[in-house]
Each structure stands twice: as structure tokens, then as C-alpha cells.
Amino acid sequence: MGTGDREQAYARARQEAERLTANGIQGIALTWVDNAGLTRVKSVPTARLPQAARRGVGMSPVFDVYLVDDSMTTSRHVGGPDGDLRLLPDLERLTPLAAQPGWAWAPVDRYDQEGRAHPVCQRLFARRMAERARERGLAVRMGFETEWVVTTGDPDQDPPHYPTTGPAYGMARLVDLADYLADLLGTLDAQHTEVHQLHPEYSPGQFEVSLAPTDPVAAADLAVLVRETIRACSGRAGLNPMFGPVVDPGGVGNGAHLHLSLWQGDRNLCRDGDGPHAMTATAEAFLAGVLRELPALLAIGAPSPASYLRLEPSRWAGAYQCWGLENREAAVRFITGAPDDPGAANAEIKSFDPAANPYLVAGAVIAAGLGGLDAGLSLPPPVSGDPAVEGRERRLPTSLLTALEHFEDSTVLREALGDPLFESIAAVRRAEAALFEKSSPREIAIATRRRY
Ligand code: GLU
Ligand code: MG
């Protein structure tokens, strides 16, 4: 970040701070997401926003090796009590939080004290990968789905107590929690978040919100904002929101599926080509790269030991390394959309869950896709039907340590992430695997379901 940029940010932040103060905003929450997938925050009073925009807000780099339980590990480039980073808010995303009166929010990029990009900043990583795609003439559009479960009473109670007994996708659930869900929609609308759908999901007390696609960094920002908005609305309704990969380890878990499409100008490359289901050769090679890299990508997108309690066959979680047209058991579900809606064609990566850092997911998926373009890959034949029944398809890793082995062997991801980020991610994964080595599935679920 150059001095000129900082002075410009200062001037802009002064105007923003005045506007926010006039609207009763007292403080700004500045968030980033660590390698364990937890959103961390520093906040400043609104009047300090200009200073924060110019010089950043201090924060230790050690959080990049924090685990889900707030204990810490270490890696070659990160760890220990020394050092400081500067958190610089992205003023483009400054958003008054409608369910937290008096507060606004902005995501941050992380720099060192000399203004150099911090090599472990996950958001800058996502930005770099989106830029790499752009340099090749490709705009990537993404959208994360958010699934969560609400319970009432003691959040650690087991089995949990749910505020509704309505069935999967049941209207009864929507009726039971009508005030809560209307509050959520109203709040998201007040924050100008474009919601596509809200519905009850399969598991008890489970719901899902899906959003309009946007650029990769904005999609990851929105994943954070939507989750925190759900948290705030749940609190007002006296509900416990749970974003862990599993709430009850025997059942269907929470996914954080990623939708993506590739564009050249106004042209959606997932449509009107000569490839399978009319995708273009570029989209095919990109998706083939993602599919090839999926076992390694799980260390990013399914990053917790709890992730592997969710990633089971026959739960629509995408446990097999295959793709198919509208196949909800394939890791990559290809969607053509209606014939008169060319913008709608996209691919959904189903294997990822809400323990993942969305910035790492966005960046790593682009890196894997560009790797597919470099290698000129094509897709294997699509799979229809349940791959578990067919018994022919390759199961994705069934444990975090197996995913980590694939990750550590992935030259594509190591190059894209750079050693400091790559190694700190690997360290956190190894340490979380050790943390839960002796825990039962139920203990893992209870220890993680409320942390994200
Ligand atoms: N809850 C499922 C999961 O764990 C996904 C259900 C769906 O396809 O929306 O990913
Ligand atoms: Mg769903």
C-alpha cells in the first residue's frame, strides 16, 4: 500500500465516518478469517475510522496458527509472541449492521508495518488469484451457500433441543420461525445483500440462505457478513445458531457449497460451448482442474476433523470425486439453468463446509481451475445416479490427515498460496487432527458446532 493510497483512504474514511456518525453508528467491526475458519475482529470507534484507514489497526500475526479451541500451534513462518500487523479496512464494503444497531462492519486486508502485503493474508490471496484469472481474460463469479442449525436452551445440550419439529423443507418450520426468518430477510435487505433463496433444510432446525453471485473476494466477504447477520438475528430471537460441519454426528451436516461460473465479458463460459452439457473448452478445463485437485482442496474447504463426520455418502455432501449434471451426490454438480437464462449455468462444489475460510476457498479453487487450464485437462464422463450405489467412483479423503497428505503433495496449491500461508494452513490442520485424535464423533461435534 503506497502513501498516496493511504491518504486517499484517509480522506474517504473521514467522509464515511461523518455519515455513519450522523446515522448513530458508534463502532466499526473490522474482521478477517483465520486459517482455522474463525472470524476474528478488532473494532474502532467510528471517529477513529480515518486513522484506521490510513495506518491500519494493530494485530498479532499469531492468529494464523490459532486452532478452533483458541489454543495455538506454530509453523516455520508464523508463531510466537513477536510481531505486529496492520489491518486495513476495505471501505468499499463498509456496511451498517442492521441487526446490531450502533455498529458497522468492514473486512480487512493485512499488511506489515512497512505497508507490504502480509504473505499469510487470506483475503489478499483470494484477490491475487482473482487477478491471475483476470490476466488470462477470465472473470470468475462465485456465491457461497450458508447452511446452519438453530437450537434452543442450553447450546451444549445433547441431543440438542430444536425450536421447531417441522419436517425437512417443511412449511411448518417456516411458520414456526416466521418472525425470526422475516427478521433475517429484512436485515439482509437493509444491508443490501441480494438473497436468492431461504429455505428449511434436511436436518432438524436447519436452514439455508443462498446469494446472488459476485466476484470472488466479494463472495467471501458476503459469506462472512451473512453468517454474522444470522448470528445477530438468532441472538435477538433467543436461538443458538450453529455453523459447525456437524451438529449431530449421525445425521446430515451443514455444507457451505460454492457456486462458480467463468465469464469473458458478457459470455458465460459454462454455456454455449462444444464441451459436455454445452460448456466451453475453457470451462471444462477449469472444472477438470478443480476436480483433479479436490482431495487436496479438502484441506482448505473441509478443514476440521468435524468435516469428515459430515462428508459421508448419501447426505448430499459431495463425498465422491466425480461430477454430474444436477447430481447432488457428486462433488461437482453442474447446473445448466433454464434455456432462456444463459447467466444461470454454473458449477456447484458441494464438498466444502462452513468451517472453511471462504477467502482460502475462493483463491484455492481459482488456482486449481487455472491449473486445469495450464494442463489442458478435460473432464471424465459425467456420473448420474448415486455414486455410492454405483460403487465405481473414487471416494474423497475420509479424514483430515488424508486430505492433508494430498494438500502437502499439491504443487499447484503450494505455488499459489506461497510457503508462509501454505505451511501455516498445514500446521493448523495437523494440530487440529491431533487435538481431536482421541475424541468420539459426538465430542468432536459438541466441541466444534458453536465455534464457527
Ligand atoms: N446439508 C448438505 C451438506 O452437508 C447439503 C444439502 C443440499 O444439497 O443443500 O452439504
Ligand atoms: Mg442446502
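- Looking at an unreviewed UniProt entry, one finds the chain named GS catalytic domain-containing protein and attributed to Streptomyces malaysiensis.
- According to the UniProt record, the Sequence similarities (unreviewed entry) comment for the chain is "Belongs to the glutamine synthetase family."

Re the overall build of the chain
For step 1, the next point in the chain: In terms of helices and strands, the chain carries 14 helices and 15 strands.
For step 2, the next point in the chain: The C-alpha radius of gyration computed for the chain amounts to 21 Å, which stays within 12% of the reference 22 Å derived for 452 residues, consistent with globular compactness.
For step 3, the next point in the chain: With the C-alpha coordinates aligned to their principal axes, the bounding extent of the chain is approximately 60 × 50 × 50 Å.
For step 4, the next point in the chain: Taken across its 452 residues, the chain has 59% of its residues classed as buried.
For step 5, the next point in the chain: Within the chain, contacts between residues at least 6 apart in sequence are counted, and of these 72% link residues at least 24 apart.
For step 6, the next point in the chain: Summed over all atoms, the accessible surface of the chain reaches about 17,600 Å², with 50% contributed by carbon and sulfur.

Re the coordination of the magnesium ion (ligand 2)
Think of it this way: four donors in a tetrahedron around the metal ideally sit 109.5 degrees apart, and six in an octahedron ideally sit 90 or 180 degrees apart.
For step 1, the next point in the chain: For the magnesium ion (ligand 2), every protein donor is listed as Glu147 (OE), Glu201 (OE) and Glu208 (OE), and the spread of their distances is 1.8 to 2.2 Å.
For step 2, the next point in the chain: Donor residues binding the magnesium ion (ligand 2) come from one chain and are separated in sequence as E-x53-E-x6-E. Remark: Glu201 occurs in the loop between β8 (195-200) and β9 (206-211) and Glu147 occurs in strand β7 (residues 139-151); sequence separation between them is 54 residues. The same class applies to Glu147 and to Glu201, which are both buried.

Concerning unusual backbone geometry
A negative phi angle is the norm for most residues apart from glycine, just as the trans form is the norm for most peptide bonds.
For step 1, the next point in the chain: Here the residue pair Asp158 and Pro159 is connected by a cis peptide bond, since its omega of -5° sits within 30 degrees of zero.
For step 2, the next point in the chain: Mapped onto the fold, Pro159 is located in the loop between β7 and α4 (171-176).
For step 3, the next point in the chain: Although it is not a glycine, Asp70 adopts a positive phi angle of roughly 70°.
For step 4, the next point in the chain: The backbone of Tyr169 sits at a positive phi, close to 60°, despite the residue not being glycine.
For step 5, the next point in the chain: With respect to the helices and strands, Tyr169 occurs in the loop between β7 and α4.

Focus: the UniProt feature "domain: GS catalytic" (unreviewed entry) in the chain
For step 1, the next point in the chain: Look at the UniProt record and you will see "domain: GS catalytic" (unreviewed entry) annotated at residues 122-452.
For step 2, the next point in the chain: In residues 122-452, helix accounts for 43% and strand for 16%; the two terminal C-alpha atoms are 17 Å from one another.

Some details on the packing of helix α11 (residues 400-409) against helix α13 (residues 419-435)
The axes of two packed helices give the description: the angle between them and the distance between them.
For step 1, the next point in the chain: In contact at an axis separation of 10 Å, α11 and α13 are set at 160° when each is read in the N-to-C sense. In terms of orientation, α11 and α13 fall into the roughly antiparallel class. Crossing angle aside, the handedness with which α11 passes α13 is left-handed. Along the contact surface, α11 presents Leu400, Leu401, Leu404, Phe407 and Glu408, while α13 presents Phe422, Ile425, Ala426, Arg429, Arg430 and Ala433.
For step 2, the next point in the chain: Among the residues forming the contact of α11 with α13, the class breakdown is eight nonpolar, no polar and three charged.

With respect to the site of ligand 1
For step 1, the next point in the chain: Around ligand 1 lies a shell of 13 residues, among which Glu147, Glu201, His257, Arg310 and Lys350 are the nearest.
For step 2, the next point in the chain: Residue Glu147 places a side-chain N or O atom 2.7 Å away from a nitrogen atom belonging to ligand 1.
For step 3, the next point in the chain: Between a nitrogen atom of ligand 1 and a main-chain N or O atom of Gly253, the distance comes to 2.9 Å.
For step 4, the next point in the chain: In isolation ligand 1 has 300 Å² of accessible area, and contact with the protein removes 95% of it.
For step 5, the next point in the chain: Here the residues of the shell around ligand 1 are counted per class, giving three nonpolar, four polar and six charged.

Re the packing of helix α3 (residues 122-135) against helix α9 (residues 358-374)
For step 1, the next point in the chain: Packing of α3 against α9 leaves a shortest axis separation of 8 Å and a crossing angle of 30°. The angle between α3 and α9 places the two elements in the roughly parallel class. The handedness of the crossing between α3 and α9 is left-handed. Here Gln122, Arg123, Phe125, Ala126, Met129, Ala130, Arg132 and Ala133 of α3 lie close against α9, whose contacting residues are Tyr359, Leu360, Ala362, Gly363, Ala364, Ile366, Ala367 and Leu370.
For step 2, the next point in the chain: Among the residues making up the contact of α3 with α9, the classes are represented as 12 nonpolar, two polar and two charged.

Some thoughts on a nonpolar patch on the surface
For step 1, the next point in the chain: On the surface, a nonpolar cluster with roughly 370 Å² of combined accessible area is contributed by Tyr169, Tyr202 and Trp316.
For step 2, the next point in the chain: With respect to the element layout, Tyr202 can be found in the loop between β8 and β9.

Reading the values: rules and limits
Residues numbered from 1 in each chain as written. Chains lettered and ligands numbered in written order. Predicted model: local features only at pLDDT ≥ 70, side-chain atom pairs only at ≥ 80, totals over all residues. Heavy atoms only, no water. UniProt positions renumbered as here; feature names shortened; annotations may be inferred. Helix = DSSP H or I, 4+ residues; strand = E, 2+ residues; numbered from the N terminus. Rg over C-alpha atoms; globule rule 2.2 N^0.38 Å. Buried < 20%, exposed > 50% of the residue type's maximum accessible area, 1.4 Å probe, protein only. Contact = heavy atoms within 4.5 Å. Areas by Shrake-Rupley, 256 points an atom, 1.4 Å probe, with all protein chains shown as cover. Donors = N, O, S within 2.8 Å, 3.2 Å for Na, K, Ca; no water. Axes fitted to C-alpha atoms, helices over the stretch in contact; angles between N-to-C directions. Parallel < 35°, antiparallel > 145°, perpendicular 65-115°, else oblique. Left-handed = near helix turned anticlockwise from the far one by under 90°. Nonpolar A, V, L, I, M, F, W, Y, C, P; charged D, E, K, R; others polar. Near = heavy atom within 4 Å. Polar contact = N/O pair within 3.5 Å; in protein donor to acceptor, adjacent residues only side chain to side chain. Patch = residues over 30% accessible without salt bridge, like charges linked within 9 Å, V, L, I, M, F, W, Y side chains within 5 Å. Salt bridge = Lys/Arg side-chain N within 4 Å of Asp/Glu carboxyl O.

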